Amino acid sequence: MGMKARSSLVFATLLLLVLNIYPTLGELKLVIQFNRHGARGPIYDLPDREYWNQFGQLTPVGMRQLYLLGAQLRQRYIIDQKFLPEKYNPDVIFVRSTAVNRTIMSAMSLLYGLYPIGTGPDLPEGYPKERAVPPINFQVDIESLGDNALPNKFQPVPVHMTKINKDYELRAYDADVCPKATELAEKTYNSDDFKKIDAAFKDLYPELANAFGIPVEKVNPFMGQQMMDNLLVDYMADKPLKIAYKSDLWKKLYMLYNIMMIYSPYASEEQQNLFTTKLYADILKYITAAQKGSPLKWVTYSAHDTTLNLVIAQLKVTGWSCLLSNYLEGRYDYFYGCPFVSLFSSSIILEAVSYTHLTLPTIYSV
């Protein structure tokens, strides 16, 4: 993405604050909604995995999180603002997910909240029900369906995917997608910046090693990130915790987790720009189409924390160096000028607005 395009997005993000203050002056044209998947099982091989048998899969808690997020989006954009239609329209809504079970199921859960039971279609009036059957011998009761296409008027919504090693929009940071990702990562891991992070948290390593039953020499910023991830997984599942929730050690480890979630995949400007090029190109394509009257009003990206964190880092909403500075100054229990990274079911919403002023030409902004 060129500097002009990136600057436009940053400017548009700032302008959105103005439009939120004066919402009646702007007409909403398009919503681009990102969400991280809901609570999942662990993905790292640490001792607390003995509680789990479905590693990396969306849990019932995660399903509920995304359903409630979808219900809230329905309240805002369908009921209150009447921006989206009450019934699903394929010309209006496009949903994209990474090809991973937990993000696919999260998208489905969100859509179940956005278009819940009762919003699905009926068969055409007077349509002969005996014709709406598959060409096989079956003994399923069709009379109980009535005129509903699906039981209780359930509304299925398609979720689109691409091969995981070709996902240039949502997983460009993967080495399987971008051949240069490993080379860039090795540069950041051997940098003085990484040494600063390691030195800042080194006094925590003995406590962490004791809590997780790991030799202290194996503890490093990457291991700390994995430890916190597993703690958050266990917390959401109401499992026993190896570190007391919200204790001083928890808060410090959580800060290391936040720093590494941004530093590890995209510490440099080159990484951030490279890994967002295709995604931002698509976003600009959707915004341009909205300016020209496209019927598409809603795009959902169901993805990962690494995807959402990349978006907010590239837009300079937060950054690892800002978080590290806060930690070194003793501010690690709340964000100061740089928000923490996305938790399970977090969402980022970009609104493209047509802003009309009495004395100015129409402005399209995000």
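Structural data are supplied above this passage.
Here's a quick rundown of the structure. (Residues numbered from 1 in each chain as written. Predicted model: local features only at pLDDT ≥ 70, side-chain atom pairs only at ≥ 80, totals over all residues. Heavy atoms only, no water.)

Things to note about helix 8 (residues 248-266)
Line of reasoning, step 1. Compared with the 27 Å implied by 1.5 Å per residue over 19 residues, the 28 Å span of helix 8 between its first and last C-alpha is a close match.
Line of reasoning, step 2. Of all the bends in helix 8, the largest measures some 30° and sits at M260. (Helix = DSSP H or I, 4+ residues; strand = E, 2+ residues; numbered from the N terminus. Expected span 1.5 Å × (residues − 1). Bend = angle between axes of the 7 residues up to and from the residue.)

Considerations on the nonpolar core
Line of reasoning, step 1. With 46 residues, the main nonpolar core has I197, F201 and L208 as its most contacted residues.
Line of reasoning, step 2. Sorting the residues of this core by element identifies helix 5 (192-201), helix 6 (205-212), helix 7 (221-236), helix 8, helix 10 (305-314) and helix 11 (320-328) as the ones contributing at least two each.
Line of reasoning, step 3. The element best represented in this core is helix 8, accounting for 13 residues.
Line of reasoning, step 4. Residues contacting I197, with those up to four places away along its chain left out, are P221, L256, I259, M260, Y263, W320 and L324.
Line of reasoning, step 5. Listed in part, the 22 residues of the second largest apolar core include L28, I78, I93 and V353. (Core = buried A, V, L, I, M, F, W, Y, C linked by side-chain atoms within 4.5 Å. Buried < 20%, exposed > 50% of the residue type's maximum accessible area, 1.4 Å probe, protein only. Contact = heavy atoms within 4.5 Å.)

Details of the layout of surface pockets
Line of reasoning, step 1. By volume, the largest pocket is sized at about 540 Å³.
Line of reasoning, step 2. If you go around the largest pocket, you meet 28 residues; those closest to its centre are Y44, Y173, D174, P265 and T306.
Line of reasoning, step 3. Listing elements by their share of the lining of the largest pocket, those giving two or more residues are helix 4 (181-189), helix 7, helix 8, helix 9 (269-291) and helix 10.
Line of reasoning, step 4. Take the lining of the largest pocket: its biggest share by element is five residues, from helix 8.
Line of reasoning, step 5. Split by residue class, the lining of the largest pocket holds 13 nonpolar, eight polar and seven charged. (1 Å grid on protein atoms, 1.4 Å probe; cavity = no way out; pocket = protein on both sides within 12 Å on 5 of 7 lines; lining within 4 Å. Points joined across faces, edges and corners; volume = space filled by probe spheres on them. Nonpolar A, V, L, I, M, F, W, Y, C, P; charged D, E, K, R; others polar.)

Focus on the pairing of strand 3 (residues 298-303)
Line of reasoning, step 1. Taking burial as the measure, the six residues of strand 3 include six buried ones, the bulk of the element.
Line of reasoning, step 2. Side-chain alternation along strand 3 places W298, T300 and S302 on one buried face and V299, Y301 and A303 on a second face that is also buried.
Line of reasoning, step 3. Across six bridges, strand 1 (residues 26-36) lies against strand 3 in parallel orientation. Bridging from a neighbouring strand, I32 pairs with V299 of strand 3.
Line of reasoning, step 4. Examined bridge by bridge, strand 2 (residues 93-97) and strand 3 share five bridges and lie parallel to one another. Across the sheet, S97 pairs through a bridge with S302, a residue of strand 3. (Pairing = 2+ DSSP bridges.)

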